[in-house]
Structures are given as C-alpha cells and as structure tokens.
Amino acid sequence: VANIMTEVLGWSEDVKAEQIAAATKYIESYAGRIPENQGSTLREAAATYQSVEELFHAIDTDGSGFLDRTEVGELASNLGITLSDKELDSA
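Keep in mind that this is a model prediction, so the values were computed, not measured. (Residues numbered from 1 in each chain as written. Predicted model: local features only at pLDDT ≥ 70, side-chain atom pairs only at ≥ 80, totals over all residues. Heavy atoms only, no water.)

Colleague: In this structure, what is going on with the overall build of the chain? I would like to understand it.
Modeller: When you go through the chain residue by residue, the secondary structure sums to five helices and zero strands. N-terminal to C-terminal, the α/β element order of the chain is α-α-α-α-α. Per-residue burial over the chain gives 12% buried out of 91 residues. A sequence separation of at least 24 residues applies to 0% of the contacts in the chain between residues at least 6 apart. For the chain, the computed accessible surface area is about 7,300 Å², with 58% contributed by carbon and sulfur atoms. (Helix = DSSP H or I, 4+ residues; strand = E, 2+ residues; numbered from the N terminus. Buried < 20%, exposed > 50% of the residue type's maximum accessible area, 1.4 Å probe, protein only. Contact = heavy atoms within 4.5 Å. Areas by Shrake-Rupley, 256 points an atom, 1.4 Å probe, with all protein chains shown as cover.)

Dropping the structure here:
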C-alpha cells in the first residue's frame, strides 16, 4: 500500500518511511504487537480478562463452564446477598 501511495502521491522515500511508521503506530494501538514503551490498554485489557476468567473459574466449582443455581447462590451468600428462590431461578 505504501508503495502505491508513494507512486500516486509522489512521496519521497523519507515521507514514505514516516507514513509507514505513523500507520504502524496507529495499528499497534488497537491490535497486533503491544508497544513496550506505552502503558497499553491492550495489556490492561488482557490482565483484566485474565482476572475475570480466574474469578469465573473459582466460582464455577463444578468446572462446567456455566454458573448454575447452586454456584450463584453460594456466591451471593459469600457476598452477604440473600437471593430468593425466584431470583436464583432467573439468575
């Protein structure tokens, strides 16, 4: 793409290199490799996802991949929340 843009827009090699660097920085801010020199939100998101996943597995005591009525009830009880049978059934 940079080669085409260079040809069509008449960029010099220096401008082409600057444009590639800017595009790479932009793309890496959303996906792909995570820049080492930034407090990346992708790193934070990965850490948050891992924390949530670990918490889920701690609650999912039967390892089914789903939270059943008993697991939700135990979690609520551990948090000091009383749920009615109707609330547990809908959870």
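Colleague: Can you walk me through a nonpolar patch on the surface in this structure?
Modeller: Residues V1, I4, M5, V8 and L9 make up a contiguous nonpolar surface patch of roughly 540 Å² in combined accessible area. Owing to a relative accessible area of 55%, I4 belongs among the exposed residues under this scheme. (Patch = residues over 30% accessible without salt bridge, like charges linked within 9 Å, V, L, I, M, F, W, Y side chains within 5 Å. Salt bridge = Lys/Arg side-chain N within 4 Å of Asp/Glu carboxyl O.)

Colleague: What am I meant to see in the environment of L88 here?
Modeller: On the secondary structure map, L88 appears in helix α5 (residues 85-90). When the C-alpha positions of L88 and D68 are compared, they lie 9.1 Å apart, and in sequence the two are 20 residues distant. Here L88 is in contact with R69, V72, G73 and L83, once residues within four sequence places are set aside.

Honestly, that's just the spatial picture; any functional story needs more than this.
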